[in-house]
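Chain residues, written in single-letter form:
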Amino acid sequence: MRDVVVVVLAVAATAVFVWKKRRRQRPPQLKYGTAGFRADAKLLWVAMERVGILAAIRGGGKKATGVMVTASHNPERDNGCKIVDTDGGMLAEAWEGRAEELARAPEAEVRVPRCDDGVVVVGRDTRRHSRGLADRVKRGVARTGARVLDVGVVTTPQLHHCVRELNEGAADASDLFGYYRKLVEAYNRIVPPGTPTVELCVDCAGGVGALAVEKLRGLLNGLELVAVNRVGDVELNRGCGAEFVQKERKPPRNYDPRRRFCCIDGDADRLVYCYGRDFRVLDGDKIAALLASYLGEYCRVGCVQTAYANGASTAYLSTRVDSLATAKTGVKHVHAKAADIMDVGIYFEPNGHGTVLFNNAKSPPERLAPFASLANQCVGDAIADALLVEAVLKLRNWSLEDWDAIYDDLPSRQLKQKIPDRALLVPDEETESRLLHPETLQLAIDDLVSKTPRGRAFVRPSGTEDVVRIYAEAASQPDADALARACQRAVADACGGGGGGGGI
Ligand code: G16
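On a predicted model such as this, the values are computed, not experimentally measured, just so you know.

(A) Structural view of the pattern of salt bridges. Inspection of every chain in the model, using the stated rule, returns 40 salt bridges. Put simply, Asp40 and Lys42 hold a salt bridge, and the shortest N to O gap is 3.6 Å. Its salt-bridge partner being Arg300, residue Asp343 comes within 3.8 Å of it at the nearest N-O pair. Of this pair, Asp343 sits in the loop between α11 (331–338) and β13 (344–348) while Arg300 sits in the loop between α9 (284–295) and β11 (301–305), and the two are 43 residues apart along the sequence. Connected through shared salt-bridge partners, Glu49, Arg50, Glu107, Arg136, Arg139 and Arg143 make up one network.

Printed below as a string of structure tokens:
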């Protein structure tokens, strides 16, 4: 009997060894998506080591870069990484192809250059596999000779901040002291001491944002932050958080209509607000409108939206900002455009991802200087954005209802559809709101839109989830729902989808 057990164990060990070896030799063909690699965590072990190598190479042996291990708004089982470039922003698009090549290469073909004086800042979210995957990133960095600066569990914007600070000469930004000090000092310069205190519940989606919220408790004039849905209270991003609330338009877990609420996502780079018993959502469009209307009183403001922006927000902004542009979905696209327009460039995707860029950062009008310190200049930052919103609401003396009333959203609906291969769908390069292929599917959508009062709809493959996203808006909610469902059926018919839909 003992011999049989020994043989079985030996066979199992050999099988695992062979499987691991094969996986290293032929890693999965991952695609660099909207915000980096993202997949089921089990598929990422090889890719993460390669990402460590790539990040070190990108620093050129001189500058700091960063890797954040996170799948952000995705379910707990997924993981991924966001690679942070030397300026603290997202990895330059020109490097995405190189990242893909490296992640997909058989081990025997990987050439590792020396990057001895480089630094790679490595951070991670709270997923159970994030620590192990971060270790793989570190192993990749070590292969190049570059130094690893492990900042542990941090929000994505905090990691971006560390990289930028290091490259701007900070000796060490890893304790995040400078990050919190900057937020607190800037906010307290806008909101004076003695301002009546408002409590803001922050639905942290079961993720890392709760740690940042706790750090800020008791430090902000007239604002008491309370972390709701902390790590361990709920399953990450499930039934709570910015993505759930914005897409499903349903209250997050532990919502209390008597309290002021905002919701962030699993790595704390997105923010939406919600309120009331009839549950109203103030999404990224409304945040952009609030900030643009205030800042526009003092300087020239430009705004960048994506095709997902609600038509009513576009109409509102078009009469209030000096420049309004549309970019493809993804922070990397909207950020680049916003950095190029007017004195202040504001971008927010409706899902809550955004920030305010002070393009004349060295000389913002005096009144706006603290806003320029408060707004994260690298990437969307849910915590910084919540402080911006609260500061403007206080300056305006507005309630959430006052803010919500600046315009009425057009009824809209977002759905998802799983299909066997979402690469079949090729959207236009400008705004991703029309399909170049399959043409018949685009014609079918055009036909559905033409029959819907004030209808607008488009479909595009997600770059973070294995789904096709469907967006529809119309004059009434039943019409928007019907248009979205009809587009969903059209996608399934054209691309062979079965099940996996969702959203309503
Ligand atoms: C990421 C990007 C966002 C984008 C979102 C959805 O967010 O940073 O800019 O809007 O994915 O992208 P897609 O529609 O391609 O799935 P996060 O918060 O998940 O990192």
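Now, onward.
(B) Fine view of helix α6 (residues 177–190). Relative to the 20 Å expected for 14 residues at 1.5 Å per residue, α6 spans 20 Å between its end C-alpha atoms, a close match to the ideal helical length. Within the span of α6, buried status applies to Tyr179, Tyr180, Leu183, Val184, Ala186, Tyr187 and Ile190. Elements that come into contact with the buried residues of α6 comprise α5 (156–167), α7 (209–216), β7 (223–228), α12 (369–374) and α13 (382–396).

(C) Structural detail: the pairing of strand β6 (residues 198–203). Relative to β7, β6 runs parallel, the two sharing 6 bridges. Residue Val202 lies in a different strand from β7, and its bridge partner there is Ala227. Pairing of β6 with strand β8 (residues 261–264) involves 3 bridges; the strand directions are parallel. Residue pairing in the sheet places Cys201 in a bridge with Phe261 of β8.

(D) Examining the UniProt feature "domain: Alpha-D-phosphohexomutase C-terminal" (unreviewed entry) in the protein chain more closely. According to UniProt, the "domain: Alpha-D-phosphohexomutase C-terminal" (unreviewed entry) feature falls on residues 451–485. Between the end C-alpha atoms of residues 451–485 there is a gap of 14 Å, over a span that is 26% helix and 34% strand.

(E) A look at the sheet that holds β6. Pairing within the open sheet is mixed, and its 5 strands lie in the order β7-β6-β8-β9-β10. The open sheet is flanked by β7 and β10 (280–282), the only strands paired with a single partner. On average, each strand axis in the sheet is tilted by 30° relative to the strand beside it, whichever way the strands run. Bridge count for β8 against strand β9 (residues 271–275) is 4 bridges, and the pairing is antiparallel. Its bridge partner lying in β9, Ile264 is registered against Leu271. Strand contacts of helix α8 (residues 241–248): β6, β8, β9 and β10, with the helix running at about 110° to β8, the strand carrying the most contacts.

Conventions and cut-offs
- Note on numbering: residues in each chain are counted from 1, in written sequence order.
- A pLDDT threshold of at least 70 governs which residues receive local features in this predicted model, and a stricter bar of 80 or more applies before side-chain atom pairs are shown or counted, although totals over entire chains, interfaces and linings include all residues.
- The basis for the side-chain values is all heavy atoms of the structure; hydrogens and waters are excluded.
- In the sections that follow, a salt bridge refers to a side-chain nitrogen of Lys or Arg positioned within 4 Å of a carboxyl oxygen of Asp or Glu.
- Labels follow the DSSP assignment, with helices taken as runs of H or I lasting at least four residues and strands as runs of E lasting at least two, numbered in each case from the N terminus.
- Expected span of a helix, by definition, is 1.5 Å for each gap between consecutive residues, and there is one gap fewer than residues.
- Only protein chains enter the area calculation, which uses a 1.4 Å probe; residues under 20% of their type maximum are buried, those over 50% are exposed, and those in between are partly exposed.
- Contacts between residues were defined by any pair of non-hydrogen atoms, one from each residue, lying within 4.5 Å.
- Two strands pair under a simple rule: DSSP has to find at least two bridges between them.
- UniProt positions are given in the numbering used here, feature names are shortened, and annotations may be inferred rather than shown by experiment.
- Convention adopted: a line fitted to C-alpha atoms gives each axis, helices being fitted over their contacting stretch, and angles between N-to-C directions are expressed from 0 to 180 degrees.

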